[in-house]
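Fold and geometry: a report
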Amino acid sequence: QVQLVESGGGLVQPGGSLRLSCAASGFTFSNYAMSWYRQAPGKERELVAAITSAGGSTNYADSVKGRFTISRDNAKSMVYLQMNSLKPDDTAVYYCTADLGLKRYWGQGTQVTVSS
């Protein structure tokens, strides 16, 4: 069964850093691109970052470019999101996603709160 499990969220002060992790199972991880989305209350769900299957190419939302880095370890079936210089408007539930062709799979989400 396809499973995506995020971890690493929490409460941080503005300017701080967090590293989110996503453990994937139930599919051939190295064959697929992976993405991180986020959703804040009252706002639309937003694509934050994406990475190709071999990790050779990435893209980011303008709002996080230069601050966030997506990476993956295909040997471990893991994808990461390093978040630096966090701002209060980064507060959201962050989701790990995989598109397997017939269906998009979502993790359970992990809460990131940036506040003093």
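In this report, the structure presented in the accompanying data block is examined.

Reading the values: the criteria
- Residues numbered from 1 in each chain as written.
- Predicted model: local features only at pLDDT ≥ 70, side-chain atom pairs only at ≥ 80, totals over all residues.
- Heavy atoms only, no water.
- 1 Å grid on protein atoms, 1.4 Å probe; cavity = no way out; pocket = protein on both sides within 12 Å on 5 of 7 lines; lining within 4 Å.
- Points joined across faces, edges and corners; volume = space filled by probe spheres on them.
- Nonpolar A, V, L, I, M, F, W, Y, C, P; charged D, E, K, R; others polar.
- Helix = DSSP H or I, 4+ residues; strand = E, 2+ residues; numbered from the N terminus.
- Polar contact = N/O pair within 3.5 Å; in protein donor to acceptor, adjacent residues only side chain to side chain.
- Contact = heavy atoms within 4.5 Å.
- Phe/Tyr/Trp six-rings, centres within 6.5 Å; stacked < 30°, edge-to-face > 60°.
- Buried < 20%, exposed > 50% of the residue type's maximum accessible area, 1.4 Å probe, protein only.
- Lys NZ or Arg CZ within 6 Å of the ring centre and 35° of its normal.

**A closer look at the layout of surface pockets**
- In this structure, the largest pocket occupies an estimated 150 Å³ of space.
- For the largest pocket, the lining is made up of 13 residues, of which Arg38, Lys43, Glu46, Ser63 and Asp89 are closest to its centre.
- Residues that form the lining of the largest pocket fall into these classes: two nonpolar, three polar and eight charged.

**A few points about the side chain of Arg38**
- One can find Arg38 in strand E4 (residues 34-39).
- Of note is the side chain of Arg38, whose polar atom sits 3.3 Å from the side chain of Ser63.
- A polar contact of 3.0 Å, which involves the side chain of Arg38, links it to the side chain of Asp90.
- With residues up to four places along the chain from it excluded, the contact list for Arg38 reads Glu44, Arg45, Glu46, Val48, Ser63, Val64, Phe68, Asp89, Asp90, Ala92, Val93 and Tyr94.

**Focus: the packing of aromatic side chains**
- This structure, assessed with the given rule, holds four aromatic pairs.
- Aromatic side chains Tyr37 and Trp106 sit 5.2 Å apart centroid to centroid with 55 degrees between the ring planes, which places their arrangement in the tilted category. Of this pair, Tyr37 sits in strand E4 while Trp106 sits in strand E10 (residues 104-106), and the two are 69 residues apart along the sequence.
- What makes Tyr37 buried here is its relative accessible area of 13%.
- Each ring, one from Tyr95 and one from Trp106, has its centre 5.9 Å from the other, and the planes form 85 degrees; the classification is edge-to-face. Highlighted residues: Tyr95 in strand E9 (residues 92-99) and Trp106 in strand E10, separated in sequence by eleven residues.
- Stacked on the ring of Tyr80, the Lys or Arg Arg19 has its end atom at 4.0 Å from the ring centre.
- Sitting over the ring of Phe29, Arg72 keeps its end group 4.3 Å from the ring centre.

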